[in-house]
Amino acid sequence: MPGTRLMAAGGSALLPAGLLLAGALSVAGCGGGSEPARTPAAQPRPAEQHSAAAGLAVHRGKGYTVGYPGDWRPDPEREIFPSAVFEVTAPAAGGPAASLSVFTESETRSIERLLRGFIARSKRSRDFRLLERRELDTGAYGGRDAHVVRKAYTASGRDGPGEPVRQVDLFVRVSRTSIVNVRMLFSAERYDSSQRQISAVLGSFRVPS
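Residues numbered from 1 in each chain as written. Predicted model: local features only at pLDDT ≥ 70, side-chain atom pairs only at ≥ 80, totals over all residues. Heavy atoms only, no water.

## Remarks on the overall build of the protein
The helix and strand inventory of the protein stands at five helices and ten strands. Counting across all 209 residues of the protein, residues that qualify as buried make up 44%. Of the roughly 10700 Å² of accessible surface on the protein, 49% is carried by carbon and sulfur atoms. (Helix = DSSP H or I, 4+ residues; strand = E, 2+ residues; numbered from the N terminus. Buried < 20%, exposed > 50% of the residue type's maximum accessible area, 1.4 Å probe, protein only. Areas by Shrake-Rupley, 256 points an atom, 1.4 Å probe, with all protein chains shown as cover.)

Structure below.
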């Protein structure tokens, strides 16, 4: 069953957005006296302070930072999107599955134009439903163009009918020639309870000035 496809890291490479859910988803002061003065500890940057307050760790990419749940970890043995520049998954421990992947793309087209193609291809996915497509307040993203897309579909399974999935994609133009896509995948049973976590990740994205 063909899944949604999206331009991702590597220029012309196309990534399948449908995943085998069962297999891929089963991350002070100075010294005194005669001692030499110590270098003060580096102060957290604003993006790190925001993310820490939301219980997030920080991924620092080229020209951006984004938070991710602090207990999610990379899993080299279960890559969901091999072309992602960063990827973490929720603790396996028998709980509902979830992951976060980050892609960078050399892209001069507007995000609006990119999204038209992204959503058109998404409609090929089984049981596709567009849950949300929204332009975000640029003030929260350093004046950069930013959009979020949420969708539901059934991911292909190794055996059986497949798994219902909820996918959230944040697209941010970080430069004239580069767009970053932060993608969160959730099993349907985990999605509703993850709304605060999703909002925290979306709000953590920063483009350093």
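Now that the structure has been shown, the text picks up again.
## Quick look at the environment of Val168
Along the chain, Val168 falls in strand 9 (residues 163-175). With a relative accessible area of 0%, Val168 lands in the buried category. Sequence separation of Val168 and Phe186 is 18 residues, and the distance between their C-alpha atoms is 8.6 Å. Residues in contact with Val168, not counting those within four places in the same chain, are Val148, Val149, Arg150, Val182, Arg183, Met184, Tyr191, Ile198 and Leu202. (Contact = heavy atoms within 4.5 Å.)

## Looking at the sheet that holds strand 5 (residues 86-89)
Pairing is antiparallel across the open sheet formed by six strands, whose spatial order is 5-6-10-9-8-7. Two strands lie at the open edges of the sheet, namely strand 5 and strand 7 (129-135), each paired on one side alone. Averaged over all pairs of adjacent strands, the angle between their axes in this sheet comes to 15°, without regard to strand direction. Here six bridges tie strand 7 to strand 8 (residues 146-155), and the two strands are oriented antiparallel to one another. Following the sheet pairing, Glu132 is matched in strand 8 by Arg150. (Pairing = 2+ DSSP bridges. Axes fitted to C-alpha atoms, helices over the stretch in contact; angles between N-to-C directions.)

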